[in-house]
Amino acid sequence: ALNHSATVDLDGNAILIGGSRAEGTLSSRVDRYDFRTGPLERIGALRFGRERHRAALLADGRILVTGGFIGLGTNVSELVDPRTGTATDAGSPVVRRLDHSATRLRDGRVLVVGGITAGEGAYPKFTIMGKVFDADKAEAYADSFAIKRA
């Protein structure tokens with residue numbers, strides 16, 4: 001797959017999520033590669049095939065999958081549990097984005113910032129807006145901000 005995400009889980013396995021196939025179709029696959037025993041194993045699927053998304057490991061072992069391309073940029077987030085392969089809704093950060101960053105902070109929240117949003121016509125629009133994902137809050141994407149230009 002191309003344009004997938006790869007995240008190391010709490011057990012040291014590589015979790016490969018989504019991407020696009022050679023023929024251009026989007027993948028919803030969730031695969032695990034165990035570095036000790038070998039072959040790539042399909043463990044589940046996302047609700048939507050996507051590429052150019054980002055994934056961040058949460059303290060409880062789940063993986064937050066944000067944004068990406070599903071035909072258009074998406075604002076749909078999912079939580080993947082690598083132990084079971086299940087994907088569940090993680091809310092919406094409002095801004096559709098791809099090629100952004102998703103970084104787990106020391107306090108366990110995930111900073112989702114930047115990237116490309118849908119622009120007018122054929123031109124992409126870059127965003128400097130961000131959201132903070134907090135799995136412990138009912139409204140997981142409650143905190144937002146914009147970076148001010150100098």
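See the structure above.
Counting from 1, residues in each chain are numbered in the order their sequence is written. The model is predicted, so local features are restricted to residues of pLDDT at least 70 and side-chain atom pairs to those at 80 or more, both for listing and for counting; the totals for chains, interfaces and linings are taken over all residues. Remark: hydrogens and water are excluded; side-chain values derive from all non-hydrogen atoms of the structure.

(A) Up close: the sheet that holds strand β1 (residues 5-8). Across the sheet, 4 strands lie side by side as β1-β2-β3-β4; this open sheet has antiparallel pairing. The sheet terminates laterally at β1 and β4 (38-45), the two strands that pair on one side only. Taking each pair of neighbouring strands and ignoring which way they run, the sheet shows an average axis angle of 25°. When DSSP locates at least two bridges between a pair of strands, those strands are taken to pair. Counting from the N terminus, the helices are DSSP H or I runs at least four residues long and the strands are E runs at least two residues long. Looking at chain direction, β1 and strand β2 (residues 14-17) are connected through 4 bridges and run antiparallel. Across the sheet, residue Ala-6 finds its bridge partner in β2, namely Leu-16. Interaxial angles span 0 to 180 degrees and are taken between N-to-C directions of axes, which are lines fitted to C-alpha atoms, for helices over the stretch in contact.

(B) Structural context of the side chain of Thr-7. Within the secondary structure layout, Thr-7 lies in strand β1. Categorising residues by exposure relies on relative accessible area from a 1.4 Å probe, with only protein chains included: less than 20% of the type maximum marks a residue as buried, more than 50% marks it as exposed, and the intermediate range marks it as partly exposed. The class for Thr-7 is buried, based on a relative accessible area of 9%. Excluding its chain neighbours within four sequence positions, the residues that come into contact with Thr-7 are Asn-13, Ala-14, Ile-15, Ala-55, Leu-57 and Ile-63. Contacts: residue pairs with any heavy atoms within 4.5 Å of one another.

(C) Spatial organisation of the sheet that holds strand β5 (residues 54-57). Overall, antiparallel pairing links the 4 strands, which are arranged β5-β6-β7-β8 in an open sheet. Each end of this open sheet is capped by a strand with a single partner; those strands are β5 and β8 (86-89). Across the sheet, the mean angle from the axis of one strand to that of its neighbour is 25°, orientation sign disregarded. Note: strand β7 (residues 78-81) against β8, 4 bridges, orientation antiparallel. Residue pairing for β8: Asp-81 is matched across the bridge by Thr-86.

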